[in-house]
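The lines below spell out each chain.
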Amino acid sequence: MDGEMSQTLVRTGPGTRMGNLMRRYWVPVLLASEIAAPDGPQVRVTILGEKLLAFRDSAGKVGLIDEFCAHRGASLYFGRNEEGGIRCAYHGLKFTRDGRCVEVPSAPQLCEFMAIKAYPCIERGGLVWAYMGPPDKQPSPPEVEWCGLPPSQVFVSKRLQECNYLQAMEGGIDTSHVSYVHRYEVDEDPFHQGTKANDYIRADGNVVFDIERTPFGLTLYGRRNGEPDSYYWRITQWLFPWFTLIPPFGDHALAGHVWVPIDDHNCWAWSINFHPAKPLSNSERAHLEAGKGIHCAYEPGTFRPRANKDNDYLMDRQAQREKRAYSGVFGFSMQDASLQESMGPIQNHAAEKLLPTDRAIVMARRMLYDAALGLEQGVEPPALDSSQQRVRAAGVLLERSVKPEVWAKTHVADGLHQPVYSV
Amino acid sequence: MDGEMSQTLVRTGPGTRMGNLMRRYWVPVLLASEIAAPDGPQVRVTILGEKLLAFRDSAGKVGLIDEFCAHRGASLYFGRNEEGGIRCAYHGLKFTRDGRCVEVPSAPQLCEFMAIKAYPCIERGGLVWAYMGPPDKQPSPPEVEWCGLPPSQVFVSKRLQECNYLQAMEGGIDTSHVSYVHRYEVDEDPFHQGTKANDYIRADGNVVFDIERTPFGLTLYGRRNGEPDSYYWRITQWLFPWFTLIPPFGDHALAGHVWVPIDDHNCWAWSINFHPAKPLSNSERAHLEAGKGIHCAYEPGTFRPRANKDNDYLMDRQAQREKRAYSGVFGFSMQDASLQESMGPIQNHAAEKLLPTDRAIVMARRMLYDAALGLEQGVEPPALDSSQQRVRAAGVLLERSVKPEVWAKTHVADGLHQPVYSV
Amino acid sequence: MDGEMSQTLVRTGPGTRMGNLMRRYWVPVLLASEIAAPDGPQVRVTILGEKLLAFRDSAGKVGLIDEFCAHRGASLYFGRNEEGGIRCAYHGLKFTRDGRCVEVPSAPQLCEFMAIKAYPCIERGGLVWAYMGPPDKQPSPPEVEWCGLPPSQVFVSKRLQECNYLQAMEGGIDTSHVSYVHRYEVDEDPFHQGTKANDYIRADGNVVFDIERTPFGLTLYGRRNGEPDSYYWRITQWLFPWFTLIPPFGDHALAGHVWVPIDDHNCWAWSINFHPAKPLSNSERAHLEAGKGIHCAYEPGTFRPRANKDNDYLMDRQAQREKRAYSGVFGFSMQDASLQESMGPIQNHAAEKLLPTDRAIVMARRMLYDAALGLEQGVEPPALDSSQQRVRAAGVLLERSVKPEVWAKTHVADGLHQPVYSV
């Protein structure tokens, strides 16, 4: 990938091409539970290079405003969240969740000049989402499947990943790495038990992909040998501009991610498990809350993984030797993160040599790039119609003669969300 | 404030406009007690962007010299302070407190070529002060009131503040913030007890300022409602280029600060309590030594506050909710520092929106800027005559018809330093 | 030293003049013991600004390859070292120690395009050495004396020094500092006992140097007063481009260093004790393994000294006062490192004022500079013939009329390595 395209894709701050594109979609900002109580503690959050403050006001509505007071630039993190807004601790200016300044104690007549940046927010799937683009362009709320399910059927976590969002998201698009770094992880994971899918994946390291370009992004059909007369297909999706969807194993929960830039050197890796038809069991939920599966354990008081680059991700060479951890790192998320962060804060795209299995990555990059350049030319971005997000990942064993694209049209096509648990 | 003016004010290294201006005054460098003993350990100190070494020589005289040996640039911090100078540990070159090189063991004839930078120092008020400007321009020693009092009547501390000196000092000039971030602090502070001043401040958040431009800087007259027939006036001073003076509460000690650039991203916040007429009591001194009042507790072995940006200033949201700490941060100094540091290492002046209560700040900036530009044109800076520093802050309850400027002329005017304890 | 010469000498990354010169010699990379076992854990190592990975393959051969996979740039540190190479954990690409890619699971036909950087390695004296220059220019293996001795007669350690290699190496060339920073260290060191050499060094701080330019670098003849009718000569060598050799005291072991750039702000200080004629005793070896003498103790799990710039090298002012440690820092290595690191990551050569005792440094700089510029013009560098490294340092008491250069010709001249223990 040339330098111009690389720079376009990885830079997402205000006024950048990619930043402008991403601001046309609803952006996951933080867990709703981080600002659970009305008038509770406000939380600092950096998204797309902007330093913001999230809070829940007296009426229980979420606000996402500039972190800094309009007056002297002091952080509103030190302010008081009470009676319908945040009051700056320095000189008492007060701001509502829509950024209006409603009190300037020393000069009430100047309120109207002291408004600050504010972004509209909604809550879906346990997350707060913000719209950071032009007001007249706000799209309908997200409809990825896990946003619409009862809380009992969903588990969401986020973790800090210390690299650019692009190389992180590409790990989510590229499922061919599952046979390597995650190889031994699946043996222990309850969400992978009671199904032969693991065996198929282990036995056939050379997944072959059909890739379909769709209105919402990409659908990948990954083929591995199944039984003598069948193929095991894993059908995954990448949804504009940052969602990935992961098929279940057997009747276990499905999974998904969202890859959201914090700044150009860090991103939030959101990880979701969800079951469309039934609640997560207590033991499953306990497993996920312990940071297992695609989630992780944290450094106390933070969303930074306990296994991180400062401690070499708690690599265990003994476990690597004994084939308990392929790279010596444990946990799906940290196996990915360790490799992706090792590429540097921003991968040197000039040095990479892509392979045929990277075709989906190449296509996603091109679609993002074209959309970013198109927007600059006045072309509306793709997938603003949230109903296009109503797709689902699937794993299925099909007779060798059956085309998965055909099967998918009636099983995982747009608008269906219907359960498909073949393997 | 435009970018040119902002850059002029915040940059204080060698050769900068503001740096040149500040070097025309005596500069507080370190506590005299940090280098208490003749031939005791030398101390590294960075001031106005210069890396220096302070020490007390065999005769008890203070030296402030370049930290680095003229020969190879090794730090003299590792040198031996004995027999009238510092000897470099690397090759034995020896330097006196006036920067002369008096020994080059391998080449005595080269001593005269090996002199290093040295600044004249004096001791006043428990501090070492240096003069870092042109030798022929050295002003008379500082005469701020606390410099001339017996040690029993003064308590001085310093703390590292991790931002530019300007935004720190502006918090000292701007007393309008007292009604907000410090609101609940005064309830607990012994220096605020036994007086109705706190009640006046709490009851009337909208202080109105008369500001007088003086030969030495600014005098601020802050008016709040007092009794039905009186106003409560707080008279504070800003003295060129970095002193601020704070009125007492009742017959308690007065207070003051000095705001001295370490480099452009850090400053020393000097804090002084002093009583013009009587010693601090044992309990008062114990209180101050414990880091209470305008002082602070430190990280062990340093002058960095224990409450700092790495631990969010030990913010206590519970205490904030319960109105024990307005911003959740405890302590006058850390309440200010938390807000001022939150503006960034250097405040983004382009984004600020000043209010009428900021008039004193605007005036001080302008005076500093004009003085810096004037100096460049050959105009001597203001307030080089130290006797102009003989002013005092005061708090006084005056009949509503009395003009505080008139009252002050006979009570806190230049050269008087006479006690005024009205409230 | 002017800026152009300084920049030429201190920059050693790929494509720099000095980097090109150094790449013409065998480069010490890591301890052979760090990658002791075939198929054992690989080790990250940065040398001359290049991020590399060292490992021992199934056949016991050492590989030194690019740290990052050719495909997406993931670190091979997380890969699996087994069956003749390192397999990337991300997508299973496999690389042999010569950088060939022997497996691309998803696209075997592309192996030939996926080769990575690899450098030939040899093992000598307990170290792994790499040749990082043009393949057709590889010199014969190093022949510094300690490379050829049985392991029982050699002790090697390395430590991280957090500054440019040049200022570190110059401390090794410049032996005139021994009378200062190391003055009290020798009293305690067993390798300095039972000889009058210490007394000579202590008594005569003004060493006088004869310096001889040789085909391999420099020989320094340092003269101090010995007995009334004799001089005590210490004969040291600097060998192109980074070796220094230190004379013994009495019949104790000799010493040497290698100063190898990690990057422009860090270097490896290799320290070697060796005896040409007999094994190190158990107590001597225990002493060295404890980090005494010219070695050091480490921060756990690293080669960073426990005494480092973050803790002011554990400086003990009490010990300094009591003349147990000249600078307050203990240990030969940390005494040097503390001073050299205090000069900054790269010494400001524009500010230094060199003395007559720095003549050897000036000559070494000039020789390195001339060689670097010469190479650019097609002139082959000096001392590529490793047999020129067959020299030895010596300490000897000679009648005042004897020229040490003459004596040395038959005792420490090229190709001899014969024992000389006069004092």
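First, a word on what this report is: a plain description of the structure on this page. Not measured: the values here are computed from a predicted model. (Residues numbered from 1 in each chain as written. Chains lettered and ligands numbered in written order. Predicted model: local features only at pLDDT ≥ 70, side-chain atom pairs only at ≥ 80, totals over all residues. Heavy atoms only, no water.)

1. Observations concerning the overall build of chain A
So, point 1. What chain A contains, in helices and strands, is ten helices and 18 strands.
So, point 2. Taken over the C-alpha trace, chain A has a radius of gyration of 22 Å; the compact-globule value for 423 residues is 22 Å, and the two agree within 12%.
So, point 3. Overall, the C-alpha framework of chain A stretches about 80 × 50 × 45 Å when taken along its three principal axes.
So, point 4. The buried share among the 423 residues of chain A stands at 63%. (Helix = DSSP H or I, 4+ residues; strand = E, 2+ residues; numbered from the N terminus. Rg over C-alpha atoms; globule rule 2.2 N^0.38 Å. Buried < 20%, exposed > 50% of the residue type's maximum accessible area, 1.4 Å probe, protein only.)

2. Here we look at the packing of aromatic side chains
So, point 1. Evaluation of the coordinates by the stated rule reveals 39 aromatic pairs over all chains.
So, point 2. Look at Y200 of chain C and Y232 of chain C: their rings are 5.3 Å apart centre to centre, the planes differ by 45°, and that puts the pair in the tilted class. Here Y200 of chain C, found in helix α5 (residues 197–203), pairs with Y232 of chain C, found in strand β14 (residues 230–239); they are 32 residues apart in sequence, far enough to count as distant.
So, point 3. A residue is classified by how much of its surface remains accessible, and Y232 of chain C, at 0% relative accessible area, is buried.
So, point 4. Site record: aromatic cluster; members linked through ring pairs are Y25, W238 and F240 of chain A.
So, point 5. Of note, R317 of chain B hangs over the ring of Y77 of chain A, and the distance from its end group to the ring centre comes to 4.6 Å. (Phe/Tyr/Trp six-rings, centres within 6.5 Å; stacked < 30°, edge-to-face > 60°. Lys NZ or Arg CZ within 6 Å of the ring centre and 35° of its normal.)

3. Overview of the pattern of salt bridges
So, point 1. Scanning all chains against the criterion turns up 84 salt bridges over all chains.
So, point 2. Taking the shortest distance from any N to any O, the salt bridge between E162 of chain A and K309 of chain A comes out at 3.9 Å. Of this pair, E162 of chain A sits in the loop between β11 (154–161) and α3 (165–173) while K309 of chain A sits in the loop between α6 (282–289) and α7 (317–321), placing them 147 residues apart in sequence.
So, point 3. The salt bridge involving E34 of chain B is made with K158 of chain B; its shortest N-O contact spans 2.9 Å. Here K158 of chain B lies in strand β11 (residues 154–161) and E34 of chain B lies in the loop between β1 (26–31) and β2 (43–47), a separation of 124 residues in the sequence.
So, point 4. Judged by its relative accessible area of 3%, K158 of chain B is buried.
So, point 5. Residues joined by salt bridges that share partners form a network here, namely E162, E299, R304, K309 and D310 of chain A. (Salt bridge = Lys/Arg side-chain N within 4 Å of Asp/Glu carboxyl O.)

4. Here's the deal with the sheet that holds strand β3 (residues 50–56) of chain C
Hydrogen bonds along the backbone pair up the strands of a sheet, which may run parallel or antiparallel.
All names here are of chain C.
So, point 1. Strand order in the open sheet made by the three strands is β2-β3-β4, with antiparallel pairing throughout. Whereas interior strands pair on both sides, the edge strands pair on one side only; in this sheet they are β2 (43–47) and β4 (62–66). Strand-to-strand twist across the sheet, computed as the mean angle between neighbouring axes with direction ignored, equals 35°.
So, point 2. Bridge analysis of β3 against β4 gives five bridges, and the strand direction is antiparallel. Each bridged residue has a counterpart across the sheet, and for F55 the counterpart in β4 is G63. (Pairing = 2+ DSSP bridges. Axes fitted to C-alpha atoms, helices over the stretch in contact; angles between N-to-C directions.)

5. Focus on the relation of the copies chain A and chain C
So, point 1. Each copy superposes on the other: chain A lies on chain C with an RMSD of 0.1 Å after a rotation of 120° and an axial shift of 0.1 Å. Each copy turns onto its partner about a three-fold axis. Distance from the rotation axis, computed per C-alpha, reaches its smallest value in chain A at D310 of chain A: 10 Å. (Least-squares fit on C-alpha atoms with pLDDT ≥ 70 in both.)

6. Considerations on the side chain of E284 of chain B
All names here are of chain B.
So, point 1. Mapping E284 onto the fold places it in helix α6 (residues 282–289).
So, point 2. Put simply, E284 is tucked away with no salt bridge, and the nearest opposite charge, on K278, sits 6.2 Å away.
So, point 3. What E284 contacts, discounting residues up to four positions off in sequence, is F191 and H252. (Lys, Arg positive; Asp, Glu negative; His and termini not counted. Contact = heavy atoms within 4.5 Å.)

7. Notes on the state of the cysteines
Structurally, a disulfide amounts to a covalent bond that connects the sulfur atoms of two cysteines.
Residues and elements named next belong to chain A.
So, point 1. In this structure the tally under the stated criterion is zero disulfides over all chains.
So, point 2. For the unlinked cysteine C296, the closest cysteine sulfur is that of C267, found at 12 Å.
So, point 3. Take C296: its relative accessible area is 7%, and that puts it in the buried class. (Disulfide = S-S within 2.5 Å.)

8. Description of the interface of chain A and chain C
So, point 1. At the interface, 36 residues of chain A touch 29 residues of chain C.
So, point 2. Between chain A and chain C, a total of about 2,600 Å² is buried, with carbon and sulfur atoms accounting for 54% of that surface.
So, point 3. A per-residue breakdown of the area chain A buries against chain C is headed by R317, K353 and L355 of chain A, which together make up 24% of the total.
So, point 4. Counting across the chain A and chain C interface gives three salt bridges.
So, point 5. One can count 18 residue pairs in polar contact (both at pLDDT 80 or more) joining chain A with chain C. (Buried area = accessible area lost by both parts, 1.4 Å probe. Polar contact = N/O pair within 3.5 Å; in protein donor to acceptor, adjacent residues only side chain to side chain.)

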